[in-house]
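What follows is each chain in one-letter form.
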Amino acid sequence: MIRALLGCRRLLGMVVVMLCLLGYAAYNTMPRQEDPSFPQRAGLISVNYPGASADAVERLVLRPLADELLQVEEVNVASGTARTGVALVRIRLEDSIYDTDAAWDRVRQAMDRARSEFPEGVGQMALDDRLIDIPAVVLAVGGSPSVTALSAAAEKVKHALSSVPGVSRVELEGDVSEQITLALDDAALYRLGISPAAVLNTLANRNQITPGGFVVSDGRRLSILPNSEFADLDAIRATPIALPDGSQVPLAAAADIWRGPAEPREPETWADGERVVLVSVIMREGSTDAISFGRNIRAHLDRIRPEIAPFAVEEMFFQPDQVSDRLDNLAWSLLASVAIIIAVVFLGMGLRMGLLVASILPMVTLISIGLYDFGGGVLHQIAVIGMVISLGILIDNAIVVVENIQTRLDQGFERLDSLAGAIRELAGPLGASTGTTLAAFAPLLLSKGGTADFTRGIPVMIMLTLSVSYLLAISVVPLLAARFLRPRQLGTRDRMAGLAETLGRLVSTMPKTLVIASAVMVAASLLLTPFLKLQFFPNADRPQVIVEMYMPEGTHQSRTSEVSERLERAIRTQSETVKVHRFVGFTGPSFYYNLLRYPQAPNRGRLVVETPDLEATGGLVRWIRNYAATEMPELDLTVGVLGQGPPRAAPVEVRVYHVNDEQRAEATEQVYQALRHSPGAVDVRHDRDLGVPSIAINVNDGIAARYGVNRSDVAQSLYGQSFGVVAEQYRQEEDPIPMVLRSREGTDLSLSRLLSINIYNDRGEAVPLSALATTETTWEPAARYLRNGVPVNTVTSNLGEGHSFSDVLASLEETLANKPLPAGSRIEYGGDAEGSGDANSAILTTAPVGILLLLFFLLLQFNSFRRVGIILLTVPLATVGIFPGLVLSGSPFGFQSLLGVIALVGIVVNNAIVLLDVMDRQLEAGANIADAVRIAVEQRTRPILLTTATTVAGLLPLAFSSSTLWPPMAWAIISGLLASTVLTLLVVPALCRMVIRAPEPRSNPHQQTVEATSVAK
């Protein structure tokens, strides 16, 4: 190998240069986005059942559908909601599913099986399996009081942007459909003696597309176009309706006809107080550079704006700017880390050796980026963070090789002999050392689930950079070092020599004292765990406040709009408010990956409040919460900022199960009250069904039969009076417009007017509803909830400042222990508790693979269980620094901190390997154990401290960054590494001094008879 390496120096240099150039090109051309993409594991099924109560929807639609869905092995959770006239099922696939298209095909097959069990009257059933698609750009089209005109302008913008490269699809939100309303005058119909059915039949016969054929004239075919369709509204008004006596009257004599927005009211969108229509542009993720995509969108908008004037197109949410800012900030952190690491290397190794070690940083970085892009990687903040973490670790191999060659040159070896000896001596140990670090990250790489998908870029990038670092360290670095290094002058004393000698004397003379002291320090650090703040993922660092509004079930959208507008006006009075965007009837566009999408509902709304900076959000959140509690008691809301990590409904979520509805309602109320009195719980709410008032129409079948009508006739007449019946399609526009036959009032029909309507029999005779039916006011369930086919209610809560989900749940459990729930009740936790548990379980599932790999490399290196045991004891030594570091820095312990702990394991294990390797070589040379551990500490202090210094220095920009996501991870590594490095230099050799008594020959022949002074790792 060495001979081949020396013979291919020019070829190797060319390959490395080309790989670096390819990496540079990849960096400039690879796709960019702020966060990783998630597999499409979330879906929503909606089923229409017009006129059915919530109870009927649950029994006849929701339960059969849930039964079939649970037969699909890929389905993990199916959460169903039954409301009047509609069933909604939110589906989550198993975390292990990555071929989601095949899974959704099986879900559709289950839907088809369930449809065969549905009763007649069940309408459309649709599946949306792209719930997590996030629009890269959300545009607001405004400039007109007419929503219909805004919708037409937004449609033009949609068509224009659909051709932009990288666009997956373009959706409109807040737009309105049109309808032509035929408002029948009930009194006029009765006076003229005609029925709604006669009007329907006449319209159907009049509005037909009938071919007229063609004729030939002078050798040319002339098409004949019969005037059989409605050409305009006047033609509809003039449609003759036959009367019983054979005469005719125009339709306008019995109905008012107008064109306007579709009813019932559709969702509304408001941009900073102006009624707008939204254009959401969804980017093709994984293959599109978001920054370039944003530039293309803006270029197209510049061309579109003059064409749609006087309408204005403004940016409401523009994700490419967020991507650019995020990656730019991380790039500066990366450059700062590189600069600090280079300074530390120069300080610790001198200019010549430091320059050689520092040269590996750009080479490894560029080559790794090129390989990452070649493998289909996307540049996002997680991948960049993985690169930042690996910076301080990846130069460890280069440090070892350069130092070894320099030592050999100082001892008088020739350059090529120094190169050959270094490679021969270090290729195996460095490979095993790198392997142990890779093994530490293997569980993160192999684990599955939303959290793993979010953070997988970290292990991928770290393992890639470390592998490239090792390959360069045993190939390129020796060639450069052998060429440029010079023998140092004799008598030059190392800066760390005095410290190394002091530590060597300590471990040689006071091993028991050091072990006892370390045990006490570990125990003391564990006592700090009660002071740790637990947090699954921190909040995002965007200056936006999200207000989720819930009006009581059954609230009309107009009322929801009034209340939300009132709250918006109040928020605008606050100095922290910059802009307010309001969405009524739905929750608006999911402009951030952590926002959940909810189906349309007239009682729902959302406000997005932009503030000048992140610090302003805290005070505004508290003000909105207090204002709503005192001034708007009818409004149920939750207020907070954007989160990080996998989406969830709320940080605290408690699901309550009981087979009995009344007992479940009682248990839900008990949990609700317990959470309300729990410190740290804010915005506590539940979905317990309080019911809505309804009017029951009780038809007397005997009387109805005498008049020639039945219950179906009554139901159809009632429905036609309020919602109306689609009579025909007006086809003169680009999209057909429905012609709706209904009463003048529509859904605004008064109760007294409803009871006076006429029911028409087959002969067209009018019968007053009051003649054949009585009315009764009842209280109907507003909604019913199922989770995996089991009735459930949910209580949710946000977290107050300085509190964690574990604090709230601990308080809840204490309360329920003193006052248990009704017998048969069962609760389970969702939110951050469930997400954290799932993430930890995913890692624990794959942890055995990492442990086996770690043991494999350690046993391959040492062939001794005793030594492996000593090395593994370094892991708890890291806790001496982790817990105090997190507590003192105010950082919570969450999944990011866990990532730091995993990275720390690989580093501290390597430090221990370095020490034991030198110790064993001293033992093989005939030294006693006391001298062996002393010499090991003296010789390994410098590279261990230098590696620690470079790793800590590289993470300092991340630790002090403004991001809310990464400082906890950085502080966990920094504090844990600082403490564990000192303890590793003292405790590991002290344990060896106490446990290892006699020399044990090494099992690897080529590692024997090598000078101890040149051993590195």
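Note that the structure is a prediction, hence the values are computed from the model and not measured.

Visitor: Before we move on, could you go through the overall build of the protein chain and cite the residues and values that matter?
Guide: From N to C terminus, the protein chain includes 33 helices and 30 strands. The dimensions of the protein chain, computed from C-alpha atoms along their principal axes, are 125 × 85 × 55 Å. Long-range contacts, defined as pairs at least 24 residues apart, comprise 81% of the intrachain contacts of the protein chain with a sequence gap of at least 6. Counting every atom, the protein chain has about 43,100 Å² of accessible surface; 57% of that belongs to carbon and sulfur. Treating the 85 positive side-chain charges of the protein chain as one cloud and the 104 negative ones as another, the clouds have centres 9 Å apart.

Visitor: An account of the sheet that holds strand 12 (residues 255–261) is needed here, citing residue identities and associated values.
Guide: Taken in spatial order, the 4 strands make up an open sheet running 12-7-24-23, and their pairing is mixed. Edge positions in the sheet fall to strand 12 and strand 23 (725–730), since each of these pairs with one other strand and no more. Between one strand and the next, the sheet's axes are offset by a mean angle of 25°, whatever the strand orientation. Two strands pair when backbone bridges link them, and strand 23 and strand 24 (residues 737–743) are joined in this way by 5 bridges, in the antiparallel orientation. Residue pairing in the sheet places Gln729 in a bridge with Pro738 of strand 24. Contacting strand 23 and strand 24, helix 24 (residues 711–722) crosses the sheet at an angle of about 110° to strand 24.

Visitor: I'd like to hear about the pairing of strand 24, residue by residue, with values.
Guide: Strand 24 sits mainly inside the fold: 6 of its 7 residues count as buried. Pairing analysis gives 5 bridges linking strand 7 (residues 178–184) to strand 24, with the strands arranged parallel. Pairing of Ile180 across the sheet is with Met739, part of strand 24. The hairpin turn running from strand 23 into strand 24, its antiparallel successor, is 6 residues long.

Visitor: Go over the confidence of the model for the protein chain with me, naming the residues and quoting the values.
Guide: Overall, the predicted model of the protein chain reaches an average pLDDT of 85, with 95% of residues at or above 70. The low-confidence segment residues 1000–1017, where pLDDT is below 50, has 51 contacts with residues more than four positions distant or belonging to other chains.

Visitor: Please provide a residue-by-residue account of the packing of aromatic side chains, values included.
Guide: Inspection of the entire model under this criterion finds 10 aromatic pairs. When the ring of Phe583 is compared with that of Phe586, the centres are 6.2 Å apart and the planes differ by 80°; the resulting orientation is edge-to-face. The class for Phe586 is buried, based on a relative accessible area of 8%. Taken together, a centroid distance of 5.3 Å and an interplanar angle of 70° make the contact between Phe856 and Phe857 edge-to-face. The exposure class assigned to Phe856 is partly exposed, which follows from its relative accessible area of 46%. Taken together through their ring pairs, the aromatic side chains of Phe38, Phe454, Phe537, Tyr592 and Tyr593 make up a single cluster. The ring of Tyr98 carries the charged tip of Arg41 above its face, separated from the ring centre by 4.7 Å. If you follow Arg298 out to its NZ or CZ, it ends over the ring of Phe318, 3.8 Å from the centre.

Visitor: If you had to explain the side chain of Asp133 to someone new, which residues and values would you point to?
Guide: Within the secondary structure layout, Asp133 lies in the loop between strand 4 (125–128) and strand 5 (135–142). Taking the relative accessible area as the measure of exposure, Asp133 reaches 15% and is therefore buried. Within the structure, the side chain of Asp133 is placed 2.9 Å from the side chain of Arg169, a separation counted as a polar contact. Residues in contact with Asp133, not counting those within four places in the same chain, are Gln40, Arg169, Ile282 and Arg597.

Visitor: Give a description of a nonpolar patch on the surface that names residues and reports values.
Guide: A cluster of nonpolar side chains, contributed by Leu11, Met14, Val15, Val17, Met18, Leu19, Leu21 and Leu22, occupies part of the molecular surface with about 720 Å² of accessible area. Relative to the elements of secondary structure, Val17 occurs in helix 2 (residues 9–29).

Visitor: Summarise the nonpolar core; cite the residues concerned and give the values.
Guide: Core analysis: the largest hydrophobic core is formed by 157 residues, its most contacted members being Leu161 and Val279. In terms of residues, this core owes the most to one element, helix 13 (residues 381–410), which gives 18 residues. Of all hydrophobic cores here, the second largest spans 39 residues; its members include Ala439, Ile871, Val988 and Cys992.

Visitor: An account of unusual backbone geometry is needed here, citing residue identities and associated values.
Guide: The general pattern is negative phi for most residues beyond glycine and trans for most peptide bonds. Residue Pro310 is reached from Ala309 by a cis peptide bond, and omega for that bond is 10°. Structurally, Pro310 can be placed in the loop between helix 9 (290–308) and strand 15 (312–318). Even without being a glycine, Asp683 presents a positive backbone phi close to 55°. Here Asp683 lies in strand 21 (residues 681–686). For Asp683, a relative accessible area of 11% translates into the label buried.

Visitor: Please set out the pattern of salt bridges residue by residue, giving values where relevant.
Guide: With the rule as written, the count across this model stands at 54 salt bridges. Note that Glu653 is salt-bridged to Arg655, the shortest N-O span being 3.4 Å. On the basis of relative accessible area, Glu653 is assigned to the buried category, the value being 14%. For Arg655, a relative accessible area of 3% gives the class buried.

Visitor: Which residues make up helix 9, and what values do they have?
Guide: Taking 1.5 Å as the rise per residue, helix 9 with 19 residues should run 27 Å; its terminal C-alpha atoms sit 26 Å apart, in good agreement. For helix 9, the set of buried residues is Ala290, Ile291, Phe293, Gly294, Ile297, His300, Leu301, Ile304 and Ile308. If you follow the buried residues of helix 9, they end up packed against strand 5, helix 5 (147–161), strand 6 (167–173), strand 14 (274–283), strand 15 and helix 10 (319–349). Capping of helix 9 at its N-terminal end is provided by Asp289; its side-chain oxygen lies 3.2 Å from the backbone amide nitrogen of Ile291.

Visitor: Talk me through the environment of Asp105; I want residue IDs and the actual numbers.
Guide: With respect to the helices, strands and loops of the structure, Asp105 is situated in helix 4 (residues 100–115). The spacing of Asp105 and Leu786 is 681 residues in sequence and 23 Å in space, taken between C-alpha atoms.

Visitor: Tell me about the packing of helix 14 (residues 415–446) against helix 27 (residues 831–862), and name the residues and values.
Guide: Here helix 14 crosses helix 27 at 175°, and the two axes come no closer than 7 Å. Considering the angle they form, helix 14 stands roughly antiparallel to helix 27. Side by side, helix 14 and helix 27 meet where Gly428, Pro429, Ala432, Gly435, Thr436, Ala439, Ala442, Pro443, Leu444 and Leu446 of the first sit next to Ile843, Thr846, Ala847, Val849, Gly850, Leu853, Leu854, Phe857, Leu858 and Gln861 of the second. Tallied by class, residues from the contact of helix 14 with helix 27 come to 14 nonpolar, 6 polar and no charged.

Visitor: Give me the lowdown on helix 27, citing residues and values where you can.
Guide: For helix 27, which comprises 32 residues, the first-to-last C-alpha distance of 45 Å matches the rise-based estimate of 46 Å (1.5 Å per residue) to within 8%. If you look at helix 27, its biggest bend is around 40°, right at Thr846, and the proline Pro848 turns up within four residues after that. Phi for Asn863, located one or two positions after helix 27, is positive at around 55°.

Visitor: So what about the environment of Phe346? Which residues, and what values?
Guide: Mapped onto the secondary structure, Phe346 falls in helix 10. The exposure class of Phe346 is partly exposed, given its relative accessible area of 26%. In the structure, Phe346 is positioned 198 residues away from Thr148 in sequence and 68 Å away in space, judged by C-alpha atoms.

Reading the values: rules and limits
Residues numbered from 1 in each chain as written. Predicted model: local features only at pLDDT ≥ 70, side-chain atom pairs only at ≥ 80, totals over all residues. Heavy atoms only, no water. Helix = DSSP H or I, 4+ residues; strand = E, 2+ residues; numbered from the N terminus. Contact = heavy atoms within 4.5 Å. Areas by Shrake-Rupley, 256 points an atom, 1.4 Å probe, with all protein chains shown as cover. Lys, Arg positive; Asp, Glu negative; His and termini not counted. Charge placed at Lys NZ, Arg CZ, Asp CG, Glu CD. Pairing = 2+ DSSP bridges. Axes fitted to C-alpha atoms, helices over the stretch in contact; angles between N-to-C directions. Buried < 20%, exposed > 50% of the residue type's maximum accessible area, 1.4 Å probe, protein only. pLDDT = per-residue confidence, 0-100. Phe/Tyr/Trp six-rings, centres within 6.5 Å; stacked < 30°, edge-to-face > 60°. Lys NZ or Arg CZ within 6 Å of the ring centre and 35° of its normal. Polar contact = N/O pair within 3.5 Å; in protein donor to acceptor, adjacent residues only side chain to side chain. Patch = residues over 30% accessible without salt bridge, like charges linked within 9 Å, V, L, I, M, F, W, Y side chains within 5 Å. Salt bridge = Lys/Arg side-chain N within 4 Å of Asp/Glu carboxyl O. Core = buried A, V, L, I, M, F, W, Y, C linked by side-chain atoms within 4.5 Å. Expected span 1.5 Å × (residues − 1). Parallel < 35°, antiparallel > 145°, perpendicular 65-115°, else oblique. Nonpolar A, V, L, I, M, F, W, Y, C, P; charged D, E, K, R; others polar. Bend = angle between axes of the 7 residues up to and from the residue.

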